[in-house]
Amino acid sequence: MNYPRRLRQLRQRLRRSNAVALLVTHLPNVRYLCGFSGSAGVLLVTPERSLLFTDNRYREQSAQEVREAEVVIPETGGVRPLLLAEMARLKGVIAFEAEHLSVALQEELFARRRGLAVRGWVERLRERKEPEEVAAIRRAVRLASRAFPRAVAHLRPGMSERGFAARLEYELRASGAEGLSFETIVASGWHGAHVHGRASQKAIEKGELVVIDYGVLLSGYVSDMTRTLHVGTPDRRTRAVYRAVLEAQLAAIAAVRPGVRCGEVDAAARNVLAKAGLGQYFQHSTGHGVGLEIHEAPRIAAQAKEKLQAGQVITIEPGVYIPGWGGVRIEDVVAVTERGAEVLTPTPKRLLHI
Ligand code: ZN
Ligand code: ZN
């Protein structure tokens, strides 16, 4: 990971503002800038220095992980007095992450000095991934994909959604996942029409579609994939809806390349579903960026003006949700390359029935 380059870019941003430092309080941003993966720490970046303030619990970990920042750990007491003392040395305005600083901490740190609320400075840098980051996402995606057939082999009618989620999560953990990137979604039959139906105690019955959406964390990077399968032989309508969603997903992937507006990718999926008479049942956006977090920029949404750039890694996940009937969603992780797109998710997309 190229921490020096990241800090250099952040300092360029700093110089274009009227602030003399940025206080980074969002942990994924701290990790991105200096490698620290602990769960408590703030990073102060000035034009000359970067200082990571953390506590005794992270002495060894920070010594191992952090190269591009000086680590500051108090011998006794909390981190705040040291941070405040360091901030007091800086003459001028200190920028802070408006979306990631509690009002309480803001009051404490900025009681006697001016702060500049900024948004997305580090997130914007994070959008274009370094090759090493794409490789890390690819590893997470592959690990998650490999677990899928193993978990599906255990799926039987009558099993609860939660029971199946537990089996899937077991397979993920046993394959080496650090954790889950979000709460596993298993939504069967009518429940599948709820876009974010968390796994419930509902039994998965014969004749139902099952939407399975899950992801892992590996080396700090996330995966995200959805497959929809059918219990028993699918009827004509099920096959037609599935085919339309798959066609929409492939059309959106085909639209991905640098310079294309995110809204155009979204429209590619939406048009296919509209033509199939299913447009009204697709009510979320087509995708989102992934990286250190599960929802990052860019958003692949209707009318989104932002243009895709090589290095971004996004999901493509159109779906159809028919109340009382069920849902179908198909989601892959896609890297935007110089020439177009590379689908990182290897799991097949034909309608699987068990
Ligand atoms: Zn997902
Ligand atoms: Zn997603």
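The rules behind the values
- Residues numbered from 1 in each chain as written.
- Chains lettered and ligands numbered in written order.
- Predicted model: local features only at pLDDT ≥ 70, side-chain atom pairs only at ≥ 80, totals over all residues.
- Heavy atoms only, no water.
- Helix = DSSP H or I, 4+ residues; strand = E, 2+ residues; numbered from the N terminus.
- Rg over C-alpha atoms; globule rule 2.2 N^0.38 Å.
- Areas by Shrake-Rupley, 256 points an atom, 1.4 Å probe, with all protein chains shown as cover.
- Lys, Arg positive; Asp, Glu negative; His and termini not counted.
- Charge placed at Lys NZ, Arg CZ, Asp CG, Glu CD.
- Donors = N, O, S within 2.8 Å, 3.2 Å for Na, K, Ca; no water.
- Tetrahedral: all angles 85-135°; square planar, octahedral: opposite > 155°, others 65-115°.
- Buried < 20%, exposed > 50% of the residue type's maximum accessible area, 1.4 Å probe, protein only.
- Domains from an automatic or database assignment.
- Buried area = accessible area lost by both parts, 1.4 Å probe.
- Salt bridge = Lys/Arg side-chain N within 4 Å of Asp/Glu carboxyl O.
- Polar contact = N/O pair within 3.5 Å; in protein donor to acceptor, adjacent residues only side chain to side chain.
- Nonpolar A, V, L, I, M, F, W, Y, C, P; charged D, E, K, R; others polar.
- Pairing = 2+ DSSP bridges.
- Axes fitted to C-alpha atoms, helices over the stretch in contact; angles between N-to-C directions.
- Contact = heavy atoms within 4.5 Å.

A. A look at the overall build of the protein. Within the protein, the regular secondary structure consists of ten helices and 20 strands. Here the C-alpha radius of gyration of the protein, 23 Å, is about what a compact globule of 354 residues would show, namely 20 Å. Seen along its three principal axes, the alpha-carbon backbone of the protein occupies a region of about 70 × 40 × 35 Å. Surface exposure of the protein reaches about 16,100 Å², of which carbon and sulfur atoms provide 50%. Side chains of the protein give 51 positive and 38 negative charges; the mean places of these two sets differ by 4 Å.

B. Seen up close, the coordination of the zinc ion (ligand 1). Around the zinc ion (ligand 1), the protein supplies D213 (OD), D213 (OD), D224 (OD) and E331 (OE) as donor atoms, at distances of 2.0 to 2.6 Å. Because the angles between the four donor atoms bound to the zinc ion (ligand 1) fall within 54 to 151 degrees, the donor set is best described as irregular. Within one chain, the residues donating to the zinc ion (ligand 1) are spaced in sequence as D-x10-D-x106-E. Here the zinc ion (ligand 1) and the zinc ion (ligand 2) are spaced 3.1 Å apart, with D224 acting as a shared donor. Here E331 lies in the loop between β17 (326-329) and β18 (332-336) and D213 lies in strand β9 (residues 209-214), a separation of 118 residues in the sequence. Judged by its relative accessible area of 4%, D213 falls in the buried class.

C. Summary view of the domain arrangement of the protein. The assigned domain composition of the protein is domain 1 (3-126) and domain 2 (131-353). Placing a centre on the C-alpha atoms of domain 1 and another on those of domain 2 gives a separation of 35 Å. Taking both partners together, domain 1 and domain 2 bury about 550 Å²; carbon and sulfur atoms supply 42% of that area. The interface formed by domain 1 and domain 2 holds three salt bridges in total. A salt bridge links R126 to E293, with the nearest nitrogen and oxygen atoms 2.9 Å apart. At the junction of domain 1 with domain 2, the criterion picks out four residue pairs in polar contact (both at pLDDT 80 or more). Here the element with the most residues in the side of domain 1 that touches domain 2 is helix α2 (residues 27-34); it accounts for three residues. Here the residues of the side of domain 1 that touches domain 2 are counted per class, giving two nonpolar, one polar and three charged.

D. Focus on the pairing of strand β2 (residues 42-45). Neither face of β2 is left uncovered, since the one carrying V42 and L44 and the one carrying L43 and V45 both have all their residues buried. Relative to β2, strand β1 (residues 19-24) is paired through three bridges, and the arrangement is antiparallel. Within β2, the position partnered with L22 by the bridge is V45. In this sheet, strand β3 (residues 50-53) lies alongside β2 in antiparallel orientation, the contact comprising four bridges. What sits directly across from V45, in β3, is S50. Between β2 and the antiparallel strand that follows it, β3, lie four residues.

E. Representation of the packing of helix α1 (residues 3-15) against α2 in the model. The interhelical angle for the contact between α1 and α2, taken along N-to-C directions, is 115 degrees, at an axis separation of 7 Å. Residues Y3, R6, L7 and L10 of α1 form the contact with α2, whose participating residues are R31, Y32, L33 and C34. Residue composition of the contact of α1 with α2, by class: six nonpolar, no polar and two charged.

F. Summary view of the pattern of salt bridges. Enumeration over the complete set of coordinates arrives at 20 salt bridges. Note that R5 and E130 form a salt bridge whose closest N and O atoms lie 3.1 Å from each other. Highlighted residues: R5 in helix α1 and E130 in the loop between α6 (121-127) and α7 (131-152), separated in sequence by 125 residues. Its salt-bridge partner being E86, residue R49 comes within 3.3 Å of it at the nearest N-O pair. Residue R49 is found in the loop between β2 and β3, and its partner E86 is found in helix α4 (residues 80-89); the two are separated by 37 residues along the sequence. Residue E86 is classed as buried on the basis of its relative accessible area, which comes to 12%.

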